Number of protein chains: 2
Amino acid sequence: MKYLDEINALIESLSKYQGVGPKTAERLAINTVTKWNNEEIDNFINALVDIKKLKRCKYCGNITKDDVCEICNSRSNKKIMVIEDVKDLFAIEKCEAYDGVYHILDGVINYQAGITPLDLNLEPLFSRAKEADEIIIATNPSIEGEITAQYIKEMLKDEKCNVTRIAYGLPVGGNLEYADSKTLEKALEGRRNIK
Amino acid sequence: MKYLDEINALIESLSKYQGVGPKTAERLAINTVTKWNNEEIDNFINALVDIKKLKRCKYCGNITKDDVCEICNSRSNKKIMVIEDVKDLFAIEKCEAYDGVYHILDGVINYQAGITPLDLNLEPLFSRAKEADEIIIATNPSIEGEITAQYIKEMLKDEKCNVTRIAYGLPVGGNLEYADSKTLEKALEGRRNIK
């Protein structure tokens, strides 16, 4: 007795999510069959169809309907904040203490997990940096975040722009997206040059 | 700055899953946009479209393509095993020590969580019990599982069928679907009448 192919296909799709193991995917798939009505499944399908229409901003990597995102379209690109993830952009925007543009890396350098600088959205940053006055590195205060910050600082050492690091107002080992707005604001105010 | 409507729609669908909170749903939705290619999203959509074709067996509640599932179609209904969840059916089948049919409750009685006997797939069991020789109650060895077992025993007290409980070979507080086949087999062998 095995699961029907239909269920296995759904388990396979769900286990593609980072952090969703096979047992969880199984639970979610069975949950879809036993607890969701057709309208709910249709809404889910439509949401996925619509998601396919979204793009990444060609400058910063933000999620957008057009080629260039709202933020890159409306703000000066003299100040660029480098972040790990799209979710971090929303966390920073929420604290209303930043008026520059962003650059989303889509990860951090993690040699142990096989993530090298080549796997990150770094190339476009180096060309954008030529026009910028300041690059604020706001990767998470983790070992990987620090390594990535140092790497970027090193790569930008010949550029005239100032390279700063968001201040440690965040608890070390914590996660940027869960910080409250006040802490994020303090961390932003206290940014410093990388020595 | 807020998430695009497309992302919010996906977050809403994902948070319908039991055990997926708003933060996790947000992470999964962003993950879909930033890490999945169109083919992967299409596979996911197709899996959901196919899932809608599946039905619940009109006798036992198993997942099936037809009105009656393979197991109900091919086995005697003299022995009925009552289980909480579809996943438990696959766990029991895997140990190859049971040749009767199943009855899936789709949950357990949990008054604290607002789940009463009326919310479970119980009515059809009581009519099926009239034809049966034995009802084996294999709800999980948890407080809620025990309460549900007692409730069913009580409701069936006027029927001539024997009502048994799967043996405690399982660690108390544990979860049926994670048990190994040998333990499940032992538990099945040691089933006893409810006093």
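Predicted model, so just to flag it, every value in this text is computed and none were measured.

How each quantity is defined
Residues numbered from 1 in each chain as written. Chains lettered and ligands numbered in written order. Predicted model: local features only at pLDDT ≥ 70, side-chain atom pairs only at ≥ 80, totals over all residues. Heavy atoms only, no water. Helix = DSSP H or I, 4+ residues; strand = E, 2+ residues; numbered from the N terminus. Buried < 20%, exposed > 50% of the residue type's maximum accessible area, 1.4 Å probe, protein only. Contact = heavy atoms within 4.5 Å. Areas by Shrake-Rupley, 256 points an atom, 1.4 Å probe, with all protein chains shown as cover. Core = buried A, V, L, I, M, F, W, Y, C linked by side-chain atoms within 4.5 Å. Least-squares fit on C-alpha atoms with pLDDT ≥ 70 in both. Arc of directions from axis to C-beta. Buried area = accessible area lost by both parts, 1.4 Å probe. Salt bridge = Lys/Arg side-chain N within 4 Å of Asp/Glu carboxyl O. Polar contact = N/O pair within 3.5 Å; in protein donor to acceptor, adjacent residues only side chain to side chain. Domains from an automatic or database assignment.

Trainee: Before we move on, can you summarise the overall build of chain A with the specific residues and values?
Mentor: Within chain A one finds eight helices and seven strands. With respect to the principal axes defined by its C-alpha atoms, chain A has extents near 65 × 35 × 35 Å. The proportion of buried residues among the 195 residues of chain A is 49%. Put simply, of all contacts in chain A between residues at least 6 apart along the chain, 56% involve residues at least 24 apart. In the form shown here, chain A has an accessible surface area of approximately 9700 Å², with 47% of it arising from carbon and sulfur atoms.

Trainee: Mind laying out the nonpolar core, listing which residues take part and the relevant values?
Mentor: The biggest cluster of nonpolar side chains holds 128 residues, and the ones touching the most others in it are A:Ile7, A:Ile135, B:Ile7 and B:Ile135. Ignoring anything within four residues of it in the chain, the contact list for A:Ile135 reads A:Ile80, A:Val82, A:Leu125, A:Ala129, A:Leu156, A:Cys161, A:Asn162, A:Val163 and A:Thr164.

Trainee: Tell me about the environment of A:Met155, and name the residues and values.
Mentor: Residues and elements named next belong to chain A. As for its placement among the helices and strands, Met155 is situated in helix H7 (residues 143-155). A residue is classified by how much of its surface remains accessible, and Met155, at 41% relative accessible area, is partly exposed. Linking Met155 and Phe126, residues 29 residues apart in sequence, is a C-alpha distance of 7.9 Å.

Trainee: Break down the relation of the copies chain A and chain B for me, with residues and values.
Mentor: Between chain A and chain B, the superposition needs a rotation of 180° and an axial shift of 0.0 Å, giving an RMSD of 0.1 Å. Here the two chains are linked by the operation of a two-fold rotation axis. For chain A, the residue whose C-alpha comes nearest the rotation axis is A:Ile45, separated from it by 2.8 Å. A share of 100% of interface residues in chain A that are also interface residues in chain B marks the association as one of identical surfaces.

Trainee: Could you give an account of helix H1 (residues 5-14) of chain A, with specific residues and numbers?
Mentor: Among the residues making up H1(A), those that are buried are A:Glu6, A:Ile7, A:Leu10, A:Ile11, A:Ser13 and A:Leu14. Projected onto a plane normal to the axis of H1(A), the buried residues spread over an arc of 165° and lie on a single side. Across from the buried face of H1(A), at angles greater than 90 degrees, the exposed residues are A:Asp5 and A:Glu12. Where H1(A) is buried, its residues touch helix H2 (22-35) of chain A together with helix H3 (38-51) and strand S2 (63-64) of chain B.

Trainee: With reference to specific residues and values, describe the interface of chain A and chain B.
Mentor: Frequently, the measure chosen for interface size is the accessible area that the parts lose on association. Taken together, the 54 residues of chain A in the interface contact 54 residues of chain B. Counting the surface lost from both chain A and chain B, the interface buries some 5500 Å², and carbon and sulfur atoms represent 71% of this. Counting across the chain A and chain B interface gives four salt bridges. For A:Asp42, the salt bridge goes to B:Lys52, with nearest N and O atoms at 2.5 Å. Where chain A touches chain B, the interface holds 14 residue pairs in polar contact (both at pLDDT 80 or more).

Trainee: Any details on helix H5 (residues 86-94) of chain A? Residues and values, ideally.
Mentor: Note: α-helices contain 3.6 residues per turn, so residues at a spacing of three or four share the same orientation. For H5(A), the tally of buried residues reaches eight of nine residues, placing the bulk of the element in the interior. At the N-terminal end of H5(A), a side-chain oxygen is found 2.8 Å from the backbone nitrogen of A:Lys87, two or three residues along, and the residue is A:Asp85.

Trainee: With reference to specific residues and values, describe the domain arrangement of chain A.
Mentor: According to the domain assignment, chain A consists of domain 1 (5-51) and domain 2 (71-189). On a C-alpha basis, the centroid separation for the pair domain 1 of chain A and domain 2 of chain A is 33 Å.

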